[in-house]
Amino acid sequence: MALILGLESSCDETAASLVTSDRQILAHQLAGQEAAHAPFGGVVPEIAARAHVEMLAPLVAAALAEAGVKLADVDAIAATAGPGLIGGVMVGLVTGKALAMAAGKPLIAVNHLEGHALSPRLADPDLQFPYLLLLVSGGHCQLLSVEGVGRYRRLATTIDDAAGEAFDKTAKLLGLGYPGGPNVEAAAREGDPKAVPLPRPLLNSPEPHFSFAGLKSAVLRARDSGRYRDADIAASFQQAVVDCLVDRTKRALGSIAERPSALVVAGGVAANTAIRNALQGVAAAHDLPFFAPPLWLCTDNAAMIAWAGAERLAAGLTDPLDVPARARWPLDPTAEKARGAGVKA
Ligand code: KG4
Ligand code: ZN
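Residues numbered from 1 in each chain as written. Chains lettered and ligands numbered in written order. Predicted model: local features only at pLDDT ≥ 70, side-chain atom pairs only at ≥ 80, totals over all residues. Heavy atoms only, no water.

The next point concerns the side chain of Asp160. You can see Asp160 is positioned in the loop between strand E8 (151-156) and helix H5 (163-173). A distance of 2.7 Å separates a polar atom in the side chain of Asp160 from a polar atom in the side chain of Ser211. Within the structure, the side chain of Asp160 is placed 3.1 Å from the backbone nitrogen of Ala213, a separation counted as a polar contact. (Helix = DSSP H or I, 4+ residues; strand = E, 2+ residues; numbered from the N terminus. Polar contact = N/O pair within 3.5 Å; in protein donor to acceptor, adjacent residues only side chain to side chain.)

Below you can see the structure in the form of structure tokens.
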């Protein structure tokens, strides 16, 4: 059994966690920065990087104390090395390198997206490769065939905004504050999902790509019309996102040659109950098992980074101490750019 210390600092959560290769989560420490970014309505990279500097070392100490272990007991140190806000990624990776050097233990540079992609396997030992993964977060919206550790085939991506970004922008338009996803979900519970006619971008298009920019503009027009309650806009927006995610996932399931072992959803937006329930329905219709991590494991955390480290260590994948931090780092480097305006991923 191996014990892995994981560090996460790629966006606005600073986190340290201790996880074993047999899936025990011995420590889970996390400090959000919501209060620091709230006045700006979004994450300010410079504020985030400075907060990571202040928080990471105390969180590592707290994680070791929570688990009742010493740094010398750790078998490897896994740190997010990208993609993300480069200042924050550098803070976490440099801290990981320093700890690895001091303890004389291997360093594992983890792709944050691989952390999300493998997180359902930390939650459930029954989940086997290959699986079809809908990875929905603040920065990404992708369908991936997860074929093994370090082996990802991207089937689809967004041609403009990520799903979480659409939730955050809708929250901002409705004055629901930051971070938007949970607030929009709460507002949607009080609203009618059929009240506001909103578009479903790319619905039925042959390739399973995503688009959310037009939906955001339609939310803006609905709000400016003054004809609708905010709760109805939130509910109708969430339903439009659900419909798009369901349609695109079905399209991907229909297009892959090898039948996956399961349908899986991960990433911050996977914390949304309406989205989880809808995807569970897709899995049932295709007679596939459905996996979604518990809510705390969907949004950014270090347990998923430690777990990805455990999976990589078991596969013999460690990194040299000069491994670079990367602002951009696709999981599938062979994937072609999605066709469409404003391509980001
Ligand atoms: O994975 P994550 O914590 O960070 C990134 O790697 O991006 O995802 C954060 C995103 C944010 O856009 C947030 O609004 C969204 O996940 N999110 C949600 C919910 N909880 C978090 N979106 C919809 N419903 C939720 N309950
Ligand atoms: Zn994330």
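The end-to-end C-alpha separation of helix H2 (residues 45-67) is 31 Å, in line with the 33 Å expected for 23 residues at 1.5 Å each. At Met55, H2 is bent by approximately 35°, the largest bend along its length, and proline Pro58 sits one to four residues beyond. Listed as buried for H2 are Ala48, Ala49, Ala51, His52, Leu56, Leu59, Val60, Ala63 and Leu64. Summarising the contacts, the buried residues of H2 are in contact with strand E1 (3-8), strand E2 (13-20), strand E3 (25-32), helix H1 (34-37) and helix H3 (86-103). Phi turns positive, to about 70°, at Gly68, one or two residues after H2. (Expected span 1.5 Å × (residues − 1). Bend = angle between axes of the 7 residues up to and from the residue. Buried < 20%, exposed > 50% of the residue type's maximum accessible area, 1.4 Å probe, protein only. Contact = heavy atoms within 4.5 Å.)

A few words on the site of ligand 1. Taken together, 19 residues surround ligand 1, and among them Gly138, Asp168, Gly181, Glu185 and Asp300 come closest. In the model, an oxygen atom of ligand 1 is placed 3.0 Å from a nitrogen or oxygen of the Gly268 main chain. A distance of 3.1 Å separates a nitrogen atom of ligand 1 from a polar side-chain atom of Asn272. Protein contacts shield 88% of the accessible area of ligand 1, which totals 560 Å² for the unbound molecule. Of all the elements in the fold, those that place two or more residues in the shell around ligand 1 are helix H4 (112-123), H5 and helix H6 (180-188). Looking at the shell around ligand 1 element by element, the count peaks at four residues for H6. Of the residues belonging to the shell around ligand 1, the class tally is five nonpolar, eleven polar and three charged. Taken domain by domain, the shell around ligand 1 gets at least three of its residues from each of domain 1 (3-117 + 299-314) and domain 2 (128-288). (Near = heavy atom within 4 Å. Areas by Shrake-Rupley, 256 points an atom, 1.4 Å probe, with all protein chains shown as cover. Nonpolar A, V, L, I, M, F, W, Y, C, P; charged D, E, K, R; others polar. Domains from an automatic or database assignment.)

Our focus in this paragraph is the domain arrangement of the protein chain. For an interface, size is often stated in terms of accessible area lost upon the parts coming together. Partitioning the protein chain into domains gives domain 1 (3-117 + 299-314) and domain 2 (128-288). A straight line from the C-alpha centre of domain 1 to that of domain 2 covers 27 Å. Counting from both sides, the interface comprises 14 residues of domain 1 and, opposite them, 13 residues of domain 2. Of the roughly 1200 Å² buried at the junction of domain 1 and domain 2 (both faces included), carbon and sulfur atoms supply 65%. For domain 1, the biggest contributors to the area lost against domain 2 are Leu113, His116 and Ala117; these three give 39% of the whole. The interface formed by domain 1 and domain 2 includes zero salt bridges. (Buried area = accessible area lost by both parts, 1.4 Å probe. Salt bridge = Lys/Arg side-chain N within 4 Å of Asp/Glu carboxyl O.)

Before going further, it helps to spend a moment on the packing of H4 against helix H11 (residues 303-314). At their nearest, the axes of H4 and H11 sit 8 Å apart, and the two run at 85° to each other. When the axes of H4 and H11 are compared, the pair comes out roughly perpendicular. Within the contact between the two elements, H4 uses His112, Glu114, Gly115, His116, Leu118, Ser119, Arg121 and Leu122 and H11 uses Ala303, Met304, Ile305, Trp307, Ala308, Glu311 and Arg312. Looking at the contact of H4 with H11 residue by residue, the classes come out as seven nonpolar, four polar and four charged. (Axes fitted to C-alpha atoms, helices over the stretch in contact; angles between N-to-C directions. Parallel < 35°, antiparallel > 145°, perpendicular 65-115°, else oblique.)

What follows concerns unusual backbone geometry. Note the cis peptide between Gly82 and Pro83, where omega equals -15°. Of note, Pro83 is situated in the loop between strand E4 (76-82) and H3. Of note, the amide linkage connecting Phe129 to Pro130 takes the cis form, showing an omega dihedral of -10°. With respect to the element layout, Pro130 can be found in the loop between H4 and strand E6 (131-136). Even without glycine at this site, Arg23 takes up a positive phi of about 75°. On the secondary structure map, Arg23 appears in the loop between E2 and E3. If you check the backbone angles, Leu202 has positive phi at about 70° while not being a glycine. In this structure, Leu202 sits in the loop between H6 and helix H7 (213-225).

The pairing of strands in a sheet happens through backbone hydrogen bonds and is either parallel or antiparallel. Judged by pairing direction, the sheet is mixed, and its five strands sit side by side in the order E3-E2-E1-E4-E5 without closing on themselves. Each edge of the open sheet carries a strand with a single partner, namely E3 and strand E5 (107-111). If you compare each strand with its neighbour and ignore which way they point, the axes differ by 20° on average. Bridge count between E1 and E2: six bridges; the pairing is antiparallel. Along E2, the bridge assignment pairs Leu3 with Thr20. (Pairing = 2+ DSSP bridges.)

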